[in-house]
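# Remarks on the overall topology
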Amino acid sequence: MTFFRFFILLFSLVLLACGPKEDSLEGRFITYSKQVKEDPNNPEGHYELGKVYIEKEEYQAAFKQLTEATRLKEDYAEAYREKGVALFYLKNYTDAEKVLVKSFRLKPTQPDIATDLGSIYLKNGNLKNALQYLKVAQNRNSNMHIVFNNLGVLSVEMGKNKQALSFWKQALEKNPGLPETHVNMGVVYEKAGLKRKAAAAYEKALELDSANAMAHYNLGVIYAKGKDFPKAVEEWETALKLDRTDENILNSLAWAYEKLGKRKEAIAKLDLSIKLSPFDSKTHFSSGRIKYDMRNVEDAIDSFKKAVQLDPNFGDAYYRLGLAYDTLNQSYDAISNLLITEIVYHKAKKMDLFKKTRAKLESLFTKYQTKRENFSDLQLPETLKGYDLHKQKRRIRTSRER
């Protein structure tokens with residue numbers, strides 16, 4: 001499990017939900033819950049209750065109420081906007097974009113819709129549209145701490161780190177209590193190698209919001225890079241308690257527990273990660289590798305098989321699968337997987353690994369007293385069929401040559 005696979009420094013985008021703040025949250029919840037029960041066909045009640053659920057950070061319940069509001073009133077621009085916010089926090093970014101676009105088309109002048117639309121375009125990688133709408137938001141001069149925060153994230157995506165820091169400083173001038181902005185500044189400081197500044201930024205974020213999972217996670221990254229794995233684990237376990245749906249946290253914990261020699265704990269975290277993201281070939285591979293090291297060879301084989309099924313060009317997984325079968329003295333499967341490994345590495349031009357695999361193959365041919373020719377019926381993945389290790393590239397001649 002490589003260091004940089006799991007240590008991802010994340011940026012925070014921020015969206016704002018509208019709604020009255022003067023009444024108590026619980027009071028409004030009781031009022032609008034009663035209103036919806038007494039008059040279930042009133043879209044306003046569902047809309048207001050949806051906003052309350054967003055404030056309570058119960059985003060699935062919010063989505064349900066706001067969906068009902070838009071069903072009852074198809075041109076309800078404000079309800080579509082709040083629905084987009086709920087989808088954003090449910091991490092359904094594709095549908096959030098669609099809903100926010102509809103909200104903007106219905107009522108482009110509503111407060112903060114340009115901010116949120118710019119943010120979701122940024123989250124979905126459409127930098128051109130993100131810049132367009134965040135500029136509109138900037139001209140409207142509403143909730144500028146949010147606009148500046150997200151313009152900073154956009155600047156980083158465009159490779160302009162100094163500009164990003166400038167935007168984030170402006171965001172903090174407008175609202176010093178925005179923990180996400182401190183986290184974002186820490187990420188840029190970390191990328192620049194300024195670890196002390198980065199750590200200070202994350203700690204400031206945690207002063208403002210001790211439940212900020214991203215700040216705990218990124219602080220753990222700094223400890224891990226300094227090889228202080230116990231402290232890294234402490235921060236990541238805290239982050240996990242705050243956000244149990246982030247496989248990056250689980251994968252990082254698995255890596256750290258393995259470094260500490262706690263393989264059972266590492267496997268447990270990887271199992272949880274696989275439940276969250278079952279189609280991630282690298283997580284299956286990492287699980288198989290640790291199981292193999294624990295001499296749980298048959299389970300390791302199952303994990304490696306899943307890895308290559310998900311990624312037919314995963315050379316390291318084929319290699320480990322070959323070694324695992326060799327441990328069980330299953331000669332045909334051991335050699336077959338190493339022959340596939342050989343092709344994958346050659347095709348990817350990883351010649352050092354190709355030579356290492358070829359040397360291992362020669363030792364297995366000797367061990368099992370067999371030859372390469374005996375594997376002419378080898379079943380290859382579709383992506384590798386027809387690839388010839390020995391085929392030379394065609395040489396293109398010019399008119400200057402004779």
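Look up a bit, the structure's there.
Computed from a predicted model, the values in this text were never measured in an experiment. Per-chain numbering applies: the sequence of each chain, read as written, is numbered from 1 onward. Only residues with pLDDT of at least 70 get local features here, since the model is predicted, and only at 80 or more are side-chain atom pairs given and counted; chain-wide, interface and lining totals rely on the full set of residues. The basis for every side-chain value is the complete set of non-hydrogen atoms in the structure, without hydrogens or water.

A few words now on the overall build of the chain. Numbering goes from the N terminus for both helices and strands, where a helix is a DSSP run of H or I of at least four residues and a strand is a run of E of at least two. Across its full length, the chain carries 21 helices and 0 strands. Taking the principal axes of its C-alpha atoms as reference, the chain extends roughly 80 × 65 × 50 Å. Relative accessible area decides the class of each residue, using a 1.4 Å probe on protein chains only: under 20% of the type maximum gives buried, over 50% gives exposed, and in between gives partly exposed. Looking at the 402 residues of the chain, the share that counts as buried comes to 49%. Two residues form a contact once any of their heavy atoms are found within 4.5 Å. The contacts in the chain between residues at least 6 apart in sequence include a share of 56% that link residues at least 24 apart. Neither His nor the chain ends contribute to the count of charged residues, in which Lys and Arg are positive and Asp and Glu negative. Charge positions come from single atoms, namely NZ of Lys, CZ of Arg, CG of Asp or CD of Glu. When the 66 positive and 53 negative side-chain charges of the chain are each reduced to one mean point, those points stand 8 Å apart.

Here the axes come from fitting lines to C-alpha atoms, over the contacting stretch only for helices, and the angles between their N-to-C directions go from 0 to 180 degrees. In contact at an axis separation of 9 Å, helix H20 (residues 331–347) and helix H21 (residues 351–367) are set at 160° when each is read in the N-to-C sense. Of the possible angle classes, the one that applies to H20 and H21 is roughly antiparallel. In the crossing of H20 with H21, the sense of the turn from one axis to the other is left-handed. For the pair H20 and H21, contact is made by Ala-334, Ile-335, Leu-338, Leu-339, Thr-341, Glu-342, Tyr-345 and His-346 and by Met-351, Leu-353, Phe-354, Thr-357, Arg-358, Lys-360, Leu-361, Leu-364 and Phe-365, respectively. Charged means Asp, Glu, Lys or Arg here, nonpolar means Ala, Val, Leu, Ile, Met, Phe, Trp, Tyr, Cys or Pro, and polar covers whatever is left, Gly included. Looking at side-chain class alone, the contact of H20 with H21 contains 11 nonpolar, 3 polar and 3 charged residues. Note on terminology: angles under 35 degrees are roughly parallel, angles over 145 are roughly antiparallel, angles of 65 to 115 are roughly perpendicular, and the others are oblique. By convention the crossing between two helices is left-handed if the near helix lies anticlockwise of the far one by an angle smaller than a right angle, and right-handed if it lies clockwise.

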